[in-house]
Amino acid sequence: MSCAEAFSSYALRSLGYGERLLPRSDFTLCEQVILIGSGMIWNVYFGVIALCLGFLLATAVAVGKASSKRWLRKPSEWFIFIFRGSPLFIQIFFAYALFTSLKGVSPVFDPFTSAALGALIVLLLNTAAYSGEIFYGALQSIPKGDIEAADAYGLTGLPRFRRIVWPTMLRLAWPAYTNEAIFLFHATTLVFFSGFPAWRQQGDALYYANYFADKTFNPFIAYPILAGYFILFTLIIVGIFGLVNARLNRHLPASRRSRVKYRPNLMR
Amino acid sequence: MFSFCTDPSLLATPAWFACYLTTGKLMLFYASFGTVLLLLAITAPIALGFGFGAAAAARSRILPLSWFGKIYIAMVRGVPDIVFFLFFVIALDQGIEYLRHKIKCPDWDEPIRQGSDFIVCAAAKMPLSTAPQAWHEVYGFALAVLTFAIVFGAFAGNVLFGAMRAVPQAQLETAEAYGMTHRQTFWRILVPQMWIYALPGLSNLWMVLVKATPLLFLLGVEDIVYWAKELGGAKTARFTDYPHGDWRVWYFLGLLIFYLAFTRVSEIVLDRITARLTHGQATAAGEAQRKAAA
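This structure is a prediction, so every number in the text was calculated from the model and none was measured.

What about the overall build of chain A?
Next up, step 1: When its secondary structure is counted, chain A shows nine helices and zero strands.
Next up, step 2: For chain A, the N- to C-terminal ordering of α and β elements is α-α-α-α-α-α-α-α-α.
Next up, step 3: In chain A, which comprises 268 residues, the proportion classed as buried is 49%.
Next up, step 4: Long-range pairs, those at least 24 residues apart, make up 74% of the contacts in chain A with a sequence separation of at least 6.
Next up, step 5: Surface summary for chain A: the accessible area is close to 12600 Å², and the carbon and sulfur share equals 65%.

Observations regarding the pattern of salt bridges
Any two side chains of opposite charge can pair, given that their charged atoms come close.
Residues and elements named next belong to chain A.
Next up, step 1: Tallied over the full model, the rule gives five salt bridges over all chains.
Next up, step 2: For K74, the salt bridge is made with E77, and the minimal N-O distance between the two is 3.4 Å. Of the two residues, K74 and E77 both sit in helix α3 (residues 70–85), three residues apart, roughly one turn of that helix.
Next up, step 3: The class of E77 is partly exposed, set by a relative accessible area of 27%.
Next up, step 4: A salt bridge links D151 to R160; its shortest N-O distance comes to 2.9 Å.
Next up, step 5: Accessibility expressed as a relative area gives 39% for D151, which makes it partly exposed.
Next up, step 6: Each of the salt bridges in this network shares a partner with another, and the network as a whole consists of R73, K74 and E77.

With respect to the UniProt feature "transmembrane region" (unreviewed entry) in chain A
All names here are of chain A.
Next up, step 1: The residues that UniProt annotates with the feature "transmembrane region" (unreviewed entry) are residues 44–66, 78–99, 111–130, 181–200 and 220–246.
Next up, step 2: Helix makes up 35% of residues 181–200 and strand 0%, with an end-to-end C-alpha separation of 29 Å.
Next up, step 3: End C-alpha to end C-alpha, residues 220–246 measures 39 Å, and it is 100% helix and 0% strand.

Overview of the state of the cysteines
All names here are of chain A.
Next up, step 1: Considering all chains together, one arrives at one disulfide over all chains under this definition.
Next up, step 2: C3 shares a disulfide with C30; S-S distance 1.5 Å. Between C3 and C30, the S-S dihedral sits near 45°, and the bridge is therefore right-handed. Of this pair, C3 sits in helix α1 (residues 3–10) while C30 sits in helix α2 (residues 29–66); the two residues are 27 residues apart in sequence, bridging distant segments of the chain.
Next up, step 3: C3 sits in the partly exposed class, given a relative accessible area of 42%.
Next up, step 4: Using a relative accessible area of 21% as the deciding quantity, one classes C30 as partly exposed.

Re the UniProt feature "transmembrane region" (unreviewed entry) in chain B
Residue and element names in this part refer to chain B.
Next up, step 1: Within this numbering scheme, the UniProt entry marks residues 27–50, 71–92, 138–164, 185–209 and 249–270 as carrying the feature "transmembrane region" (unreviewed entry).
Next up, step 2: Between the first and last C-alpha atoms of residues 27–50 the distance is 35 Å; the span itself is 100% helix and 0% strand.
Next up, step 3: For residues 138–164, the end-to-end C-alpha separation is 36 Å, with 100% helix and 0% strand making up the annotated structure.

A closer look at helix α4 (residues 88–105) of chain A
Next up, step 1: Here α4(A) is 18 residues long and its end C-alpha atoms lie 26 Å apart, about the 26 Å a rise of 1.5 Å per residue gives.
Next up, step 2: Residues L88(A), F89(A), I90(A), Q91(A), I92(A), F93(A), F94(A), A95(A), Y96(A), A97(A) and F99(A) constitute the buried set of α4(A).

Quick look at the interface of chain A and chain B
Next up, step 1: Between chain A and chain B, the residue contacts involve 39 residues of the former and 38 residues of the latter.
Next up, step 2: Roughly 3800 Å² of surface becomes buried between chain A and chain B when both sides are summed, with 77% attributable to carbon and sulfur atoms.
Next up, step 3: Where chain A meets chain B, there are zero salt bridges.
Next up, step 4: Our enumeration of links across chain A and chain B arrives at three residue pairs in polar contact (both at pLDDT 80 or more).
Next up, step 5: Of all the secondary structure elements, the ones that give two or more residues to the side of chain A that touches chain B are α3, α4, α8 (205–216) and α9 (219–248) of chain A.

Structural notes on the nonpolar core
Next up, step 1: One finds F135(A), F29(B), F148(B) and F152(B) to be the most contacted residues of the largest nonpolar core, which totals 144 residues.
Next up, step 2: When residues of this core are assigned to their parent elements, the largest contribution, 17 residues, is made by helix α5 (residues 133–166) of chain B.

Thoughts on the layout of surface pockets
Residue and element names in this part refer to chain B.
Next up, step 1: Of the voids in this model, the second largest pocket is the one considered here, and its volume is about 600 Å³.
Next up, step 2: Taken together, 26 residues make up the lining of the second largest pocket; nearest its centre are H136, E137, G140, F141 and G220.
Next up, step 3: Across the lining of the second largest pocket, the residue classes break down as 14 nonpolar, seven polar and five charged.

Some remarks on the packing of α2(A) against α9(A)
All names here are of chain A.
Next up, step 1: Where α2 contacts α9, the two axes come as close as 10 Å, and the packing angle between them is 35°. α2 and α9 meet at a crossing whose hand is right-handed. Note on element contacts: α9 touches α2 through I221, A222, I225, L226, Y229, F230, F233 and F241, opposite L29, Q32, V33, I36, G37, M40, N43, V44 and L51.
Next up, step 2: Partitioning the contact of α2 with α9 into residue classes produces 14 nonpolar, three polar and no charged.

A closer look at the environment of F196(A)
Residue and element names in this part refer to chain A.
Next up, step 1: Topologically, F196 is positioned in the loop between α7 (157–187) and α8.
Next up, step 2: Here F196 falls in the buried class, since its relative accessible area comes to 1%.
Next up, step 3: Note: C-alpha distance between F196 and E31 (165 residues apart in sequence) is 25 Å.
Next up, step 4: Residues within four places of F196 in sequence aside, it is in contact with I92, Y96, F112, T113, S114, A115, G118, A119 and V191.

Remarks on unusual backbone geometry
Next up, step 1: Positive phi, close to 55°, is recorded for Q201(A), a residue that is not glycine.
Next up, step 2: In this structure, Q201(A) sits in the loop between α7 and α8.

Considering the UniProt feature "domain: ABC transmembrane type-1" (unreviewed entry) in chain A
Next up, step 1: Cross-referencing UniProt, the feature "domain: ABC transmembrane type-1" (unreviewed entry) maps to residues 40–244 of chain A in the present numbering.
Next up, step 2: Helix makes up 80% of residues 40–244 of chain A and strand 0%, whereas the separation of the span's terminal C-alpha atoms amounts to 24 Å.

Overview of the side chain of S66(B)
Residues and elements named next belong to chain B.
Next up, step 1: Locating S66 in the fold gives a position in helix α3 (residues 63–75).
Next up, step 2: Judged by its relative accessible area of 5%, S66 is buried.
Next up, step 3: Setting aside its immediate chain neighbours within four residues, S66 contacts A57, A58 and S60.

What to know about the side chain of S76(A)
All names here are of chain A.
Next up, step 1: As for its position among the elements, S76 is in helix α3.
Next up, step 2: For S76, a relative accessible area of 8% puts it in the buried group.
Next up, step 3: A polar contact is formed between the side chain of S76 and the backbone oxygen of L72, at a distance of 2.9 Å.
Next up, step 4: Sequence-distant contacts of S76, defined by excluding residues within four places in its chain, comprise V61, G64 and K65.

What counts, and where the lines are drawn
- Residues numbered from 1 in each chain as written.
- Chains lettered and ligands numbered in written order.
- Predicted model: local features only at pLDDT ≥ 70, side-chain atom pairs only at ≥ 80, totals over all residues.
- Heavy atoms only, no water.
- Helix = DSSP H or I, 4+ residues; strand = E, 2+ residues; numbered from the N terminus.
- Buried < 20%, exposed > 50% of the residue type's maximum accessible area, 1.4 Å probe, protein only.
- Contact = heavy atoms within 4.5 Å.
- Areas by Shrake-Rupley, 256 points an atom, 1.4 Å probe, with all protein chains shown as cover.
- Salt bridge = Lys/Arg side-chain N within 4 Å of Asp/Glu carboxyl O.
- UniProt positions renumbered as here; feature names shortened; annotations may be inferred.
- Disulfide = S-S within 2.5 Å.
- Expected span 1.5 Å × (residues − 1).
- Buried area = accessible area lost by both parts, 1.4 Å probe.
- Polar contact = N/O pair within 3.5 Å; in protein donor to acceptor, adjacent residues only side chain to side chain.
- Core = buried A, V, L, I, M, F, W, Y, C linked by side-chain atoms within 4.5 Å.
- 1 Å grid on protein atoms, 1.4 Å probe; cavity = no way out; pocket = protein on both sides within 12 Å on 5 of 7 lines; lining within 4 Å.
- Points joined across faces, edges and corners; volume = space filled by probe spheres on them.
- Nonpolar A, V, L, I, M, F, W, Y, C, P; charged D, E, K, R; others polar.
- Axes fitted to C-alpha atoms, helices over the stretch in contact; angles between N-to-C directions.
- Left-handed = near helix turned anticlockwise from the far one by under 90°.

This is how it looks when you write it as structure tokens:
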């Protein structure tokens, strides 16, 4: 099979378009690169949606944890503890088992047993907990003077939060949040390895890489291809987040800007 | 386990649970928690050793050694750890068998890779196909430990490399001014002081290691996840020792609680260690401790 043929058959294979049958023998490098790349669509889907929705939830959770009201603080603390204190692997397993047994109760839960929705929810809650903790830390370290100045200008409640507290919180949290985004993206590989079935062999990049490694009994081709894809996407994430970071810091003199540093100690 | 379990009328009563929870298979499930703890106990020091070696190599003046250390440390950036877990298990296994093949069967003339097959002579199989089942399990576990140690060694190397750079430069310059050699400076000045800077990173790493243990399941070791899936599933419901439906939810809930409790205990212990090591150190936390006592 030529490269062009492989591309037209497998480029959208992970979404169910193109050739149904996966290659079974005489695997070419093209097939491996294209099929694994096709699987990356799922990783990007999980990563982008979980990160965007998780961001909103994380802000709410961080504000809840920093709140002085007990009924707001306690649930936020527990939420963060449960999702940060247990392995994502087990969370996904548990969620899948939970959704399958709920399916018996009511057909409403049918879509939740698919990876596209069920696993997305777990990833979303998980990243919300991790980012919530990061944002909470940032909320605690907002310079006192900023808030006093806001008070002096007569800003209170929502306007104060939206115009003073929130931008500063984001600015302080951004380097750590960049790492969180990278690791969430890496964590998306767990989905099809922990319960959620790859319907009609429509899996993510790791699913296909593992398929090739199992079939050829040769890990030295498929996994490095996958690693290459992930390094590429990690660089893209670092680039995009770097732009946002530059915007958040644009009012500061160059020496006081916070730089995004890579700190890989935030894995699940 | 209990003598009253032989009475079939018990099935409908709550007492049945006492019997259910003490059957042989469930005992294997409990024992697999031991497997996880054993993995942690063995892996943590090995990974720390790897990390230390890598950090020391990265600081080395010999250029190839320094490159090796830096590449190893940088390896875990950018690529999901689960990929390494899947990769190293096969790669190590094939590497070991390849080496044994070269040593034990020198007059073997067929290629090792034939299409999609990896073929070595029978004497080079690891473990030998005649070996008892227990050795196969030990070998699998050892591979898993090595894989964990390699991956987490890279993480630890990252932390320790950072910690070595955090030790005030003036200390090292003073040591050199006193005429210490490079080696003496490293062992007498740098290493004793770096731990307090490494501790936050290392405690974080411990938490990460604890949370990475379910990946054992992917490496083919019969760990808690394996048993939870096996025992909770309803697939044997018809012929079976356990007449129950799909109980995986409850098993995984149990695992979730196990991990939460384990994390919490680790947190408390690590906080105490930090407090103790901070004592008397010239850091902000040490200063705060001194003020609180005064």
